[in-house]
Amino acid sequence: MTKPVDPKVLIVVKDLHKVYRMGEVEVHVLRGVSLKIEEGEFVAVMGPSGAGKSTFMNILGCLDYPTSGNYVFDGQKVSALNINQLAEIRNRKIGFVFQNFNLLPRMAAVENVELPLIYGGIPRRERKERALKMLWAMGLKGRETHNPSKLSGGEQQRVAIARAIVNQPILILADEPTGNLDSGSAAEVMAIFQRLNSQGITIILVTHEADIAQYARRRLLFRDGKVVEDTAEARVQETSSRRL
Ligand code: ADP
(Lines give C-alpha, C1' and ligand atoms only; values in the text may rest on other atoms or scores of the structure.)
Protein backbone atom coordinates (compact mmCIF):
# COMPACT_ATOMS: atom_id res chain seq x y z
CA MET A 1 0.00 0.00 0.00
CA THR A 2 1.33 3.44 -0.85
CA LYS A 3 1.36 6.00 1.90
CA PRO A 4 -0.61 9.17 1.11
CA VAL A 5 1.73 12.07 0.44
CA ASP A 6 1.28 14.86 2.98
CA PRO A 7 0.59 18.19 1.34
CA LYS A 8 3.49 20.55 1.68
CA VAL A 9 3.14 23.37 4.17
CA LEU A 10 3.78 26.61 2.31
CA ILE A 11 3.23 29.17 5.06
CA VAL A 12 3.79 28.97 8.79
CA VAL A 13 3.20 32.06 10.92
CA LYS A 14 3.66 31.90 14.66
CA ASP A 15 2.50 34.53 17.12
CA LEU A 16 2.75 37.44 14.68
CA HIS A 17 2.49 40.86 16.25
CA LYS A 18 2.62 44.18 14.46
CA VAL A 19 2.78 47.45 16.33
CA TYR A 20 2.88 50.82 14.57
CA ARG A 21 4.24 53.73 16.55
CA MET A 22 2.79 57.11 15.72
CA GLY A 23 4.55 59.59 18.02
CA GLU A 24 3.45 58.68 21.54
CA VAL A 25 0.70 56.38 20.37
CA GLU A 26 1.16 52.67 19.72
CA VAL A 27 -1.27 50.95 17.38
CA HIS A 28 -1.30 47.20 17.96
CA VAL A 29 -2.51 45.96 14.58
CA LEU A 30 -1.74 42.22 14.80
CA ARG A 31 -2.06 40.54 18.17
CA GLY A 32 -0.70 37.03 17.94
CA VAL A 33 -1.64 35.41 14.65
CA SER A 34 -0.57 31.76 14.28
CA LEU A 35 -1.56 29.48 11.43
CA LYS A 36 -0.38 27.22 8.63
CA ILE A 37 -1.35 27.24 4.99
CA GLU A 38 -0.66 24.26 2.79
CA GLU A 39 0.33 24.32 -0.85
CA GLY A 40 -2.76 24.34 -3.05
CA GLU A 41 -5.13 25.95 -0.55
CA PHE A 42 -7.60 28.67 -1.53
CA VAL A 43 -8.11 30.97 1.45
CA ALA A 44 -10.42 33.96 1.90
CA VAL A 45 -9.37 36.53 4.49
CA MET A 46 -12.33 38.44 5.87
CA GLY A 47 -13.14 40.85 8.67
CA PRO A 48 -14.08 44.46 9.30
CA SER A 49 -12.01 47.40 8.16
CA GLY A 50 -9.04 48.00 10.47
CA ALA A 51 -8.93 44.35 11.62
CA GLY A 52 -5.37 43.91 10.31
CA LYS A 53 -6.03 42.05 7.04
CA SER A 54 -3.80 44.21 4.82
CA THR A 55 -1.03 44.24 7.40
CA PHE A 56 -1.18 40.43 7.51
CA MET A 57 -1.12 40.22 3.69
CA ASN A 58 1.85 42.62 3.50
CA ILE A 59 3.79 40.39 5.88
CA LEU A 60 2.87 37.25 3.90
CA GLY A 61 4.00 39.04 0.72
CA CYS A 62 7.39 39.90 2.27
CA LEU A 63 6.56 43.59 1.90
CA ASP A 64 6.66 44.23 5.64
CA TYR A 65 8.13 42.61 8.74
CA PRO A 66 6.23 41.68 11.88
CA THR A 67 7.27 43.46 15.09
CA SER A 68 7.62 40.00 16.65
CA GLY A 69 6.79 36.43 15.77
CA ASN A 70 7.96 34.08 13.04
CA TYR A 71 7.17 33.68 9.39
CA VAL A 72 8.39 30.74 7.33
CA PHE A 73 7.55 30.83 3.62
CA ASP A 74 8.30 27.82 1.42
CA GLY A 75 10.78 26.53 4.00
CA GLN A 76 12.63 29.84 4.40
CA LYS A 77 12.65 31.93 7.54
CA VAL A 78 11.70 35.33 6.15
CA SER A 79 13.26 37.41 8.95
CA ALA A 80 16.65 35.90 8.10
CA LEU A 81 16.56 37.10 4.47
CA ASN A 82 18.16 40.30 3.20
CA ILE A 83 16.47 42.87 0.98
CA ASN A 84 17.70 41.28 -2.25
CA GLN A 85 16.54 37.81 -1.23
CA LEU A 86 13.13 39.21 -0.30
CA ALA A 87 12.83 40.96 -3.67
CA GLU A 88 13.78 37.70 -5.38
CA ILE A 89 11.07 35.79 -3.49
CA ARG A 90 8.47 38.42 -4.35
CA ASN A 91 9.43 38.34 -8.00
CA ARG A 92 9.77 34.57 -8.42
CA LYS A 93 7.36 32.99 -6.01
CA ILE A 94 4.53 35.46 -5.32
CA GLY A 95 2.05 37.14 -7.63
CA PHE A 96 0.23 40.22 -6.36
CA VAL A 97 -3.23 41.34 -7.45
CA PHE A 98 -4.76 44.57 -6.15
CA GLN A 99 -8.19 46.17 -5.98
CA ASN A 100 -7.20 49.04 -8.28
CA PHE A 101 -5.21 46.82 -10.70
CA ASN A 102 -1.96 48.87 -10.34
CA LEU A 103 -1.18 48.75 -14.05
CA LEU A 104 1.21 51.28 -15.57
CA PRO A 105 -1.12 53.60 -17.51
CA ARG A 106 1.21 54.53 -20.37
CA MET A 107 2.15 50.99 -21.21
CA ALA A 108 0.30 48.51 -23.39
CA ALA A 109 -1.28 45.47 -21.77
CA VAL A 110 1.50 43.21 -23.05
CA GLU A 111 4.20 45.55 -21.70
CA ASN A 112 2.57 45.54 -18.28
CA VAL A 113 2.66 41.74 -18.27
CA GLU A 114 6.31 41.74 -19.36
CA LEU A 115 7.46 43.84 -16.41
CA PRO A 116 8.18 41.02 -13.91
CA LEU A 117 10.16 39.26 -16.66
CA ILE A 118 12.28 42.37 -17.23
CA TYR A 119 13.15 42.38 -13.51
CA GLY A 120 13.88 38.68 -13.85
CA GLY A 121 16.34 39.32 -16.69
CA ILE A 122 14.46 37.31 -19.35
CA PRO A 123 15.49 38.16 -22.94
CA ARG A 124 13.19 40.38 -24.97
CA ARG A 125 11.77 37.85 -27.44
CA GLU A 126 10.99 35.26 -24.75
CA ARG A 127 9.45 38.01 -22.62
CA LYS A 128 7.03 39.01 -25.33
CA GLU A 129 6.10 35.41 -26.14
CA ARG A 130 5.40 34.54 -22.53
CA ALA A 131 3.45 37.75 -21.89
CA LEU A 132 1.27 37.22 -24.98
CA LYS A 133 0.57 33.62 -23.97
CA MET A 134 -0.56 34.80 -20.53
CA LEU A 135 -2.85 37.46 -21.99
CA TRP A 136 -4.41 34.94 -24.35
CA ALA A 137 -4.93 32.50 -21.49
CA MET A 138 -6.82 35.32 -19.73
CA GLY A 139 -9.12 35.70 -22.77
CA LEU A 140 -7.51 38.97 -23.88
CA LYS A 141 -6.68 38.18 -27.50
CA GLY A 142 -7.02 41.41 -29.47
CA ARG A 143 -6.31 43.58 -26.42
CA GLU A 144 -2.52 43.11 -26.34
CA THR A 145 -1.57 46.63 -27.44
CA HIS A 146 -4.33 48.48 -25.61
CA ASN A 147 -3.37 50.83 -22.81
CA PRO A 148 -5.22 50.22 -19.52
CA SER A 149 -7.49 53.24 -20.08
CA LYS A 150 -8.88 51.53 -23.18
CA LEU A 151 -9.84 48.41 -21.24
CA SER A 152 -12.80 47.67 -18.98
CA GLY A 153 -12.24 47.08 -15.27
CA GLY A 154 -12.60 43.33 -15.71
CA GLU A 155 -10.11 43.35 -18.58
CA GLN A 156 -7.63 45.44 -16.58
CA GLN A 157 -7.84 42.98 -13.71
CA ARG A 158 -7.23 40.09 -16.09
CA VAL A 159 -4.12 41.90 -17.40
CA ALA A 160 -3.04 42.29 -13.77
CA ILE A 161 -3.57 38.56 -13.15
CA ALA A 162 -1.55 37.75 -16.29
CA ARG A 163 1.24 39.93 -14.87
CA ALA A 164 0.94 38.22 -11.48
CA ILE A 165 1.34 34.72 -12.92
CA VAL A 166 3.80 35.28 -15.78
CA ASN A 167 6.70 34.17 -13.56
CA GLN A 168 4.80 31.04 -12.48
CA PRO A 169 4.49 31.91 -8.79
CA ILE A 170 3.54 29.35 -6.19
CA LEU A 171 1.36 31.86 -4.32
CA ILE A 172 -1.08 34.58 -5.37
CA LEU A 173 -1.95 37.28 -2.86
CA ALA A 174 -4.99 39.29 -3.88
CA ASP A 175 -6.29 42.25 -1.89
CA GLU A 176 -9.97 42.88 -2.71
CA PRO A 177 -9.43 41.87 -6.35
CA THR A 178 -13.11 42.22 -7.21
CA GLY A 179 -13.74 45.37 -5.16
CA ASN A 180 -13.91 47.63 -8.25
CA LEU A 181 -15.69 45.22 -10.57
CA ASP A 182 -19.30 44.65 -11.58
CA SER A 183 -20.67 41.27 -10.59
CA GLY A 184 -20.19 39.71 -14.05
CA SER A 185 -16.51 40.70 -14.23
CA ALA A 186 -16.05 39.65 -10.59
CA ALA A 187 -17.37 36.17 -11.40
CA GLU A 188 -14.99 35.94 -14.39
CA VAL A 189 -12.02 36.92 -12.24
CA MET A 190 -12.99 34.42 -9.54
CA ALA A 191 -13.36 31.67 -12.15
CA ILE A 192 -9.79 32.45 -13.24
CA PHE A 193 -8.56 32.19 -9.64
CA GLN A 194 -10.34 28.86 -9.30
CA ARG A 195 -8.70 27.60 -12.47
CA LEU A 196 -5.25 28.71 -11.28
CA ASN A 197 -5.90 27.08 -7.91
CA SER A 198 -6.89 23.81 -9.58
CA GLN A 199 -3.50 23.96 -11.35
CA GLY A 200 -1.86 23.98 -7.91
CA ILE A 201 -1.25 27.67 -7.17
CA THR A 202 -2.03 28.62 -3.58
CA ILE A 203 -4.38 31.60 -3.40
CA ILE A 204 -5.03 33.95 -0.50
CA LEU A 205 -7.48 36.75 -1.06
CA VAL A 206 -8.98 39.49 1.05
CA THR A 207 -12.63 40.19 0.47
CA HIS A 208 -15.54 41.87 2.20
CA GLU A 209 -18.09 39.99 0.18
CA ALA A 210 -19.51 36.67 1.34
CA ASP A 211 -20.35 35.54 -2.20
CA ILE A 212 -16.73 36.09 -3.27
CA ALA A 213 -15.48 34.21 -0.18
CA GLN A 214 -17.63 31.25 -1.32
CA TYR A 215 -15.09 30.54 -4.05
CA ALA A 216 -12.44 29.79 -1.42
CA ARG A 217 -12.23 26.49 0.44
CA ARG A 218 -11.04 28.03 3.72
CA ARG A 219 -12.08 31.23 5.44
CA LEU A 220 -10.10 33.22 8.01
CA LEU A 221 -11.99 35.85 9.94
CA PHE A 222 -9.92 38.68 11.42
CA ARG A 223 -11.11 40.89 14.24
CA ASP A 224 -8.99 43.35 16.24
CA GLY A 225 -5.73 41.90 14.97
CA LYS A 226 -6.60 38.26 15.70
CA VAL A 227 -7.98 35.35 13.74
CA VAL A 228 -11.28 34.70 15.48
CA GLU A 229 -12.50 32.04 13.07
CA ASP A 230 -10.69 29.60 10.80
CA THR A 231 -12.82 27.10 8.92
CA ALA A 232 -9.79 24.78 8.55
CA GLU A 233 -9.64 24.45 12.34
CA ALA A 234 -13.36 23.73 12.45
CA ARG A 235 -12.79 20.92 9.93
CA VAL A 236 -9.90 19.47 11.96
CA GLN A 237 -12.01 19.52 15.14
CA GLU A 238 -14.91 17.89 13.33
CA THR A 239 -12.68 15.11 12.05
CA SER A 240 -11.06 14.45 15.42
CA SER A 241 -14.35 14.47 17.31
CA ARG A 242 -15.76 12.00 14.79
CA ARG A 243 -12.80 9.74 15.56
CA LEU A 244 -13.49 9.78 19.33
P1 ADP B 1 -7.63 46.11 7.26
O2 ADP B 1 -6.89 45.72 6.03
O3 ADP B 1 -8.28 44.96 7.95
O4 ADP B 1 -8.61 47.22 7.01
P5 ADP B 1 -5.12 47.24 8.10
O6 ADP B 1 -4.14 46.16 8.25
O7 ADP B 1 -5.06 48.08 6.87
O8 ADP B 1 -6.58 46.66 8.33
O9 ADP B 1 -4.98 48.26 9.30
C10 ADP B 1 -5.21 47.93 10.65
C11 ADP B 1 -4.96 49.16 11.48
O12 ADP B 1 -3.59 49.53 11.40
C13 ADP B 1 -5.77 50.38 11.07
O14 ADP B 1 -6.27 50.95 12.25
C15 ADP B 1 -4.75 51.26 10.42
O16 ADP B 1 -5.05 52.63 10.65
C17 ADP B 1 -3.46 50.89 11.10
N18 ADP B 1 -2.29 51.05 10.23
C19 ADP B 1 -2.08 50.40 9.08
N20 ADP B 1 -0.89 50.76 8.53
C21 ADP B 1 -0.36 51.69 9.35
C22 ADP B 1 0.86 52.46 9.36
N23 ADP B 1 1.75 52.35 8.37
N24 ADP B 1 1.05 53.31 10.40
C25 ADP B 1 0.16 53.40 11.38
N26 ADP B 1 -0.99 52.71 11.46
C27 ADP B 1 -1.26 51.86 10.46
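Residues numbered from 1 in each chain as written. Predicted model: local features only at pLDDT ≥ 70, side-chain atom pairs only at ≥ 80, totals over all residues. Heavy atoms only, no water.

Student: Just give me the short version of the site of the ligand, but keep the residues and values in it.
Tutor: Neighbouring residues of the ligand: Tyr-20, Met-22, Val-29, Pro-48, Ser-49, Gly-50, Ala-51, Gly-52, Lys-53, Ser-54 and Thr-55. Residue Ala-51 places a main-chain N or O atom 3.1 Å away from an oxygen atom belonging to the ligand. In this structure, Lys-53 approaches the ligand through a side-chain N or O atom, which is 2.8 Å from an oxygen atom. For the ligand, whose accessible area on its own is 560 Å², the fraction buried by protein is 61%. Of all the elements in the fold, those that place two or more residues in the shell around the ligand are β1 (9–22) and α1 (53–60). Considering only residue class, the shell around the ligand consists of 5 nonpolar, 5 polar and 1 charged. (Near = heavy atom within 4 Å. Polar contact = N/O pair within 3.5 Å; in protein donor to acceptor, adjacent residues only side chain to side chain. Areas by Shrake-Rupley, 256 points an atom, 1.4 Å probe, with all protein chains shown as cover. Helix = DSSP H or I, 4+ residues; strand = E, 2+ residues; numbered from the N terminus. Nonpolar A, V, L, I, M, F, W, Y, C, P; charged D, E, K, R; others polar.)

Student: Outline the sheet that holds strand β7 (residues 171–175), listing residues and values.
Tutor: Taken together, the 6 strands give an open sheet; going across it, the order is β6-β7-β8-β3-β9-β10, and neighbouring strands pair in mixed fashion. At either end of the open sheet lies a strand with only one pairing partner, and these are β6 (94–98) and β10 (226–230). Pairs of neighbouring strands in the sheet enclose a mean axial angle of 20°, with direction left out of account. In terms of strand pairing, strand β3 (residues 42–46) meets strand β8 (residues 202–206) through 4 bridges, oriented parallel. Considered in β8, the bridge of Phe-42 is made with Ile-203. Docked against the sheet, helix α5 (residues 153–165) engages β6 and β7, running at close to 165° with respect to β6. (Pairing = 2+ DSSP bridges. Axes fitted to C-alpha atoms, helices over the stretch in contact; angles between N-to-C directions. Contact = heavy atoms within 4.5 Å.)

Student: Tell me about the pattern of salt bridges, and please be specific about residues and values.
Tutor: As a working rule, side chains carrying opposite charge can pair if their charged atoms are close by. This structure, assessed with the given rule, holds 13 salt bridges. For the salt bridge of Glu-41 with Arg-218, the shortest nitrogen-to-oxygen distance reads 2.9 Å. Linking Glu-41 in the loop between β2 (25–38) and β3 with Arg-218 in strand β9 (residues 218–223), this pair joins segments that are 177 residues apart in sequence. Judged on exposure class, the residue Glu-41 and its partner Arg-218 are both buried. Residues Lys-128 and Glu-114 are paired through a salt bridge, measuring 3.5 Å at the closest nitrogen-oxygen approach. Of this pair, Lys-128 sits in helix α4 (residues 124–137) while Glu-114 sits in helix α3 (residues 109–119), and the two are 14 residues apart along the sequence. Connected through shared salt-bridge partners, Lys-8, Glu-39, Asp-74 and Lys-93 make up one network. (Salt bridge = Lys/Arg side-chain N within 4 Å of Asp/Glu carboxyl O. Buried < 20%, exposed > 50% of the residue type's maximum accessible area, 1.4 Å probe, protein only.)

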